[in-house]
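Spelled out, the chains give:
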Amino acid sequence: MKQLKKIAQIVSLNKLKKVAIFNHQFPKQKGSKFHLLYQALTQEIIESDADIASLLYENASPKDDRYRQLKSRFKKRLFNTLLLTDIAPNAPANYEKAYVQSTKEWTQVKILEHYDPELACQHARSLLSTALKFRLTDHVVHSSRLLRNYASNSADHKHFEYYQACLEEYLDLLEIELKASNYYHYCLLHLKHPKNTTAELLHQTQSYYSELSALSHRYNSPIFQLYYHKLAIIFFQKSENDAQVIQHCHSLESYFRQYPIYSMPSQLFYIAQQKLLSYLYTHNNDAAQIQIKQYLSVFKQKKQWLALQEKKILIALHSRHYSNAFQDILTIKNHKHYHNISSLEQQKWAIINLYIAYTQIQKYDAPAAKYTFLKQWNLDENLYEQFEYNKEQYHLKLLQCIIQILIALELNDQKTATVLSVQLKQLSTRHHKPLKQFRHIQYCRLLQQLAKAQFVYDQIGSHQKYIDRLESKPFRLDDAKYDLEVIPYPHLWKMTITSCTSVSKLV
């Protein structure tokens, strides 16, 4: 009670005005400018300041004083509310939750230190206890230093020695964590794009990995373990050693299971993504299905569920389990998460739908039967639809144009296939980026050679060099913005030839 009285006196000394936050009354204020702005931001109605300004005030520009003042007050309310936000209140205690709460408490300690150092130290002792339990290294260092200094001023030898020992131990640990973090972020920066991956850089990454590996058994630190394994994942991904990637994903998951209070929920999805990518590259559909089932149960109520389903479908398609992919897409399309995605995501899924449809209509002989199948499952809706893309999303346009050509060939619609081939040539030429779109470009050139032969494979000209280039550079999803192949191009080319052979017999 004594402590509460002191804090109450400190708060009253500040003479606080009413704190502007978003509380439980906010959703009821549907006519307010704040509510309109909040709805526009959260529902992705707007894209720029100009859009928001004109939405809130008729004919207003972003420089309009009314809009600028409203935006400033809105931002202040958001940040005030953020200070009071509790992350995952019903979730079990874990490292991330403890870190956020301890960061808030450290802010309280520093405020109390200004008014009452003794009270600040009482609060710091509680913070230190939590920080030691969860091994929150920087908070242990901050709290120990403050408490050590207070003990020295109070001539308290016993507590001074205790806090000094905590400080020395965790300063050493902090140095190790910083080293692991520095190594990881250096490698992430330089290995992010394929053009930066040189033998020298890979050798440097390997030396970092070896150094951290030697330390990994000495330090039971969640932060060190996280960065060590994430650096290993990057290194082995670039070395195309997918077995080791899977092993390090397993190891990090095992560490979090062994020490549940150190778990980091935000990192579990990252681990799942990297492991499934390795299954994708190795075409290990059986192992992937077992793993995906576990992940889908964990992320069932979260937005990541759909991203995992996308990986599941890609793994099925890349391992030629086309019927499985078709059954999966029918399930996904009925799920609530599928109906709450952005327009861009909808377009991507529409394209994936067409590729899956392509694998299924090849089972039929007559073009009429193929079209009936498309219509039966409402897969004909996006067949010739022209989506709007910006210049950063042209890869989706490329994927869409390719599959539209292939389905047109299946439907014996050579005229449409020819028109679309011209569009494809313009697309691949206009956005020619050899390093980023290497595999896309090779397959586009194969299709262009086929179009020149009027889609009769027996009459195709020189094209083997493009096939060789595809084989020389295996598929890797380094950058989802550019590298996505719904069906691997070598597989797709064999399916394309089958379609063309059928067409040549009908002509």
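Preceding block: the structure.
Attention in this report is confined to the structure presented alongside it. (Residues numbered from 1 in each chain as written. Predicted model: local features only at pLDDT ≥ 70, side-chain atom pairs only at ≥ 80, totals over all residues. Heavy atoms only, no water.)

## Observations concerning a nonpolar patch on the surface
Right, so step 1: Among the surface-exposed residues, Tyr38, Leu78, Phe79 and Leu82 lie close enough to one another that they form a single nonpolar patch of about 380 Å² accessible area.
Right, so step 2: With three residues, helix α4 (residues 65-84) is the single largest residue contributor to the nonpolar patch. (Patch = residues over 30% accessible without salt bridge, like charges linked within 9 Å, V, L, I, M, F, W, Y side chains within 5 Å. Areas by Shrake-Rupley, 256 points an atom, 1.4 Å probe, with all protein chains shown as cover. Salt bridge = Lys/Arg side-chain N within 4 Å of Asp/Glu carboxyl O. Helix = DSSP H or I, 4+ residues; strand = E, 2+ residues; numbered from the N terminus.)

## Concerning empty space enclosed by the protein
Right, so step 1: For the structure shown, the criterion picks out one cavity of 30 Å³ or more.
Right, so step 2: The volume enclosed by the largest cavity comes to roughly 40 Å³.
Right, so step 3: Every residue along the wall of the largest cavity is listed here: Phe326, Ile329, Leu330, Lys333, Asn353, Ile356, Ala357, Trp377 and Leu379.
Right, so step 4: Of all the elements in the fold, those that place two or more residues in the lining of the largest cavity are α15 (322-332) and α16 (343-361).
Right, so step 5: Residues of the lining of the largest cavity, tallied by class, amount to seven nonpolar, one polar and one charged. (1 Å grid on protein atoms, 1.4 Å probe; cavity = no way out; pocket = protein on both sides within 12 Å on 5 of 7 lines; lining within 4 Å. Points joined across faces, edges and corners; volume = space filled by probe spheres on them. Nonpolar A, V, L, I, M, F, W, Y, C, P; charged D, E, K, R; others polar.)

## So, the side chain of Asn353
Right, so step 1: Among the structural elements, Asn353 can be located in helix α16.
Right, so step 2: Among the residues examined, Asn353 registers a relative accessible area of 6% and is labelled buried. (Buried < 20%, exposed > 50% of the residue type's maximum accessible area, 1.4 Å probe, protein only.)

## Section: the pattern of salt bridges
Right, so step 1: Throughout the structure, instances matching the rule amount to twelve salt bridges.
Right, so step 2: Among the ionic pairs, Asp64 bridges to Arg66, the shortest N-O distance being 3.1 Å.
Right, so step 3: With its nearest N and O atoms 2.5 Å apart, the salt bridge here joins Lys275 to Glu253. Taken together, the residues Lys275 in helix α12 (residues 265-282) and Glu253 in helix α11 (residues 242-258) connect sequence positions 22 residues apart. For the residue pair Lys275 and Glu253, the accessibility class agrees, reading buried in each case.
Right, so step 4: When salt bridges with common partners are traced through the structure, they connect Glu310, Glu345 and Lys348 into a single cluster.

## Points about helix α3 (residues 49-56)
Right, so step 1: The set of residues buried in α3 consists of Ile52, Ala53 and Leu56. Viewed end-on, α3 has its buried residues packed into an arc of 100 degrees, placing them on one side of the element.
Right, so step 2: Its buried side turned inward, α3 meets α2 (33-42) and α4. (Arc of directions from axis to C-beta. Contact = heavy atoms within 4.5 Å.)

## Topic: the packing of aromatic side chains
Right, so step 1: The tally for this structure, following the rule as stated, stands at 24 aromatic pairs.
Right, so step 2: The interplanar angle of 15 degrees and the centroid separation of 6.2 Å between the aromatic rings of Phe224 and Tyr228 together place this pair among those described as stacked. Here the residue Phe224 and the residue Tyr228 both occupy positions in helix α10 (residues 222-238), the gap between them amounting to four residues, near one helical turn.
Right, so step 3: Residue classification places Phe224 among the buried residues on the basis of a relative accessible area of 0%.
Right, so step 4: Ring centres of Phe326 and Trp377 lie 5.5 Å apart, and the angle between their planes is 85 degrees; this geometry places the pair in the edge-to-face category. Of this pair, Phe326 sits in helix α15 while Trp377 sits in the loop between α17 (367-376) and α18 (394-410), and the two are 51 residues apart along the sequence. (Phe/Tyr/Trp six-rings, centres within 6.5 Å; stacked < 30°, edge-to-face > 60°.)

## Observations regarding unusual backbone geometry
Right, so step 1: Although it is not a glycine, Arg135 sits at a positive phi angle of roughly 55 degrees.
Right, so step 2: For Asn412, which is not a glycine, the phi torsion comes out positive at approximately 60 degrees.
Right, so step 3: Mapped onto the elements of the fold, Asn412 is located in the loop between α18 and α19 (414-430).

## Looking at the packing of helix α14 (residues 304-318) against α15
A pair of packed helices can be characterised by two numbers: the angle between their axes and the separation between those axes.
Right, so step 1: Running from amino to carboxyl end, α14 crosses α15 at an angle of 160 degrees, the nearest separation of the two axes being 8 Å. Comparing their axes, α15 and α14 come out roughly antiparallel. Between α14 and α15 lies a crossing of left-handed hand. Packed against α14, whose contacting residues are Trp305, Leu306, Gln309, Lys312, Ile313, Ala316 and Leu317, the element α15 presents Tyr322, Asn324, Ala325, Asp328, Ile329 and Ile332 at the interface.
Right, so step 2: Its residues assigned to classes, the contact of α14 with α15 comprises nine nonpolar, two polar and two charged. (Axes fitted to C-alpha atoms, helices over the stretch in contact; angles between N-to-C directions. Parallel < 35°, antiparallel > 145°, perpendicular 65-115°, else oblique. Left-handed = near helix turned anticlockwise from the far one by under 90°.)

## Looking at the environment of Tyr270
Right, so step 1: Structurally, Tyr270 is set in helix α12.
Right, so step 2: In this structure the C-alpha to C-alpha distance between Tyr270 and Cys249, which are 21 residues apart in sequence, comes to 9.4 Å.
Right, so step 3: Setting aside residues no more than four positions away along its own chain, Tyr270 makes contact with Lys230 and Ile233.

## Re α16
Right, so step 1: Compared with the 27 Å implied by 1.5 Å per residue over 19 residues, the 27 Å span of α16 between its first and last C-alpha is a close match.
Right, so step 2: Taken across its 19 residues, α16 has 15 buried, putting it largely inside the fold. (Expected span 1.5 Å × (residues − 1).)

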